[in-house]
Amino acid sequence: MRRIAWNGLSLSAPPDWQPANVEHHFLALARHGRTALECAWRPDPAEFSVPRRRAALERQNRRLPGFTADPRRVPARWAQVLAALRPRLAYVPFAWHGGCGALCHDAEALCTVEIRFPAGNTAAHGGGGTAGPGTTPAVTRLHAPEPDEAALLEAATVLATLRLHPRHEAMPYRLHDMELSVPPGFALRDFTFRPGLCALRFRRGADTLSVERLSPANVVLQGLPLRHWAARRAGVDTREVRSRLPYCQPPRARETAVWQRTLRRPLLGALPVLRGLSRGPTREEGAAWLIGDENKLVTVCLRSAGQPEPDTLTVLCASLHLIEED
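Here goes a summary of the coordinates provided. Everything numeric in this text was worked out from a predicted model, so none of it was measured.

Across its full length, the protein chain holds 7 helices and 18 strands. The proportion of buried residues among the 326 residues of the protein chain is 48%. Counted over contacts in the protein chain with a minimum sequence separation of 6, partners at least 24 positions apart contribute 52%. As presented, the protein chain carries roughly 16,400 Å² of accessible surface, and 53% of it is formed by carbon and sulfur atoms.

Structure, rendered in structure tokens:
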């Protein structure tokens, strides 16, 4: 199983399920080009009323062919699979012509997640269903189509690992080739996933935290030693960049560089009369390192309006490592 963690949700999925669509509070996994799982979650401190949530689901999905949240029409085997979520999660099961799902609520994390397992995944899996690729399973007037048993067992395995993480705890992230644990209170602000770059940026009050993985490292460095590249990137003198991190040694780090600097930004600096005024100083701490024998480079940067908490970069750097890809 492949462990995946993203912005408050984590689960383990079959190794051939790959991230297909990633948003702040949405994750879709696909197998062989077919969607295998969709998760959409959000903070939800309200009391979870099953009748009220069931009625809301019926209204929101009334245009989805065959959609039902009526427990008498939801396939019995799907209901049995979901029963394993109790008492950890309260939930409302549902089904439609194209698959099964559930709206789940975690009272501890104060979060709701809607999960969907499209039936199209069973054809690619080679399960025992009678529907062929691209066809719609037979639907009766009273019941949604029975899911494929092999797909149900796979869904049950995934659901057993589903977790929602409260904001007051360290937040795990594990996606693509990067894994880390973000200190409590930092909220994901934006992210970038593209060839050669994985970047995550967080905010906690006036503090910002960024993490980047760049590759190939030799192209990024353009022949510069790591300390010289880090100095140019941070806008500091090379003499201000040290070669050893004072707080920890990141896993598999082959060569490291660390810097500190103080930034002062003018308040309404475009007006000459106010150009002398400034906000409080912003302190920046940053680090960069090369990963083992891999041609990859990692950078982290913490900007804090006050005195940064000493453990922030220690926790982050100790947990941050790159996953070896197949």
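In this section: the packing of aromatic side chains. Going through the model one piece at a time under the given rule, you end up with 8 aromatic pairs. Ring centres of W78 and F117 lie 5.8 Å apart, and the angle between their planes is 70°; this geometry places the pair in the edge-to-face category. Of this pair, W78 sits in helix α2 (residues 76-82) while F117 sits in strand β8 (residues 111-118), placing them 39 residues apart in sequence. F117 matches W78 in its accessibility class, with the two residues each being buried. With centroids separated by 6.3 Å and ring planes inclined at 40°, the aromatic side chains of F94 and W96 adopt a geometry described as tilted. Pairwise contacts between aromatic rings join W6, Y173, F191, F193 and F202 into one cluster.

Turning our eyes to something else, we now look at the sheet that holds strand β5 (residues 34-43). Pairing between the strands of a sheet comes from backbone hydrogen bonds, and it takes one of two forms, parallel or antiparallel. A sheet is described by the order of its strands in space; here 6 strands give the open sequence β3-β4-β5-β8-β7-β6, paired in antiparallel fashion. The outermost strands of the open sheet, each flanked by one partner alone, are β3 (18-23) and β6 (90-96). Mean inter-strand twist for the sheet, computed between neighbouring axes without regard to direction, equals 15°. Most of the contacts of helix α1 (residues 50-60) go to β6, to which it runs at about 25°, and overall it touches β6, β7 (99-106) and β8.

Let us look at helix α6 (residues 226-234). Turning to α6, its buried residues are L226, W229, A230, A231 and A234. Of the surrounding elements, those touching the buried residues of α6 are α5 (217-221), β15 (253-263), β16 (282-291) and β17 (297-304). A positive backbone phi angle near 75° is found at G235, which sits one or two residues after α6.

Moving on to helix α4 (residues 149-159). The α-helix winds at 3.6 residues per turn, so residues separated by three or four positions along the chain end up facing the same way. Every buried residue of α4 is accounted for by A151, L152, E154, A155, V158 and L159. The buried residues of α4 occupy one face: seen down the axis, they fall within an arc of 165°. One side-chain oxygen at the N-terminal end of α4 lies 3.2 Å from the backbone nitrogen of A150; it belongs to D148.

A word on the environment of M1. By secondary structure assignment, the location of M1 is in the segment before β1 (2-6). Under the relative-accessibility criterion, M1 is labelled exposed at 55%. Aside from chain neighbours lying at most four places away, what touches M1 is S12, A13, P14, P15, T157 and V158.

So, how was this worked out
Residues numbered from 1 in each chain as written. Predicted model: local features only at pLDDT ≥ 70, side-chain atom pairs only at ≥ 80, totals over all residues. Heavy atoms only, no water. Helix = DSSP H or I, 4+ residues; strand = E, 2+ residues; numbered from the N terminus. Buried < 20%, exposed > 50% of the residue type's maximum accessible area, 1.4 Å probe, protein only. Contact = heavy atoms within 4.5 Å. Areas by Shrake-Rupley, 256 points an atom, 1.4 Å probe, with all protein chains shown as cover. Phe/Tyr/Trp six-rings, centres within 6.5 Å; stacked < 30°, edge-to-face > 60°. Pairing = 2+ DSSP bridges. Axes fitted to C-alpha atoms, helices over the stretch in contact; angles between N-to-C directions. Arc of directions from axis to C-beta. Polar contact = N/O pair within 3.5 Å; in protein donor to acceptor, adjacent residues only side chain to side chain.

Scope: geometric values only; no functional claims are made or implied.
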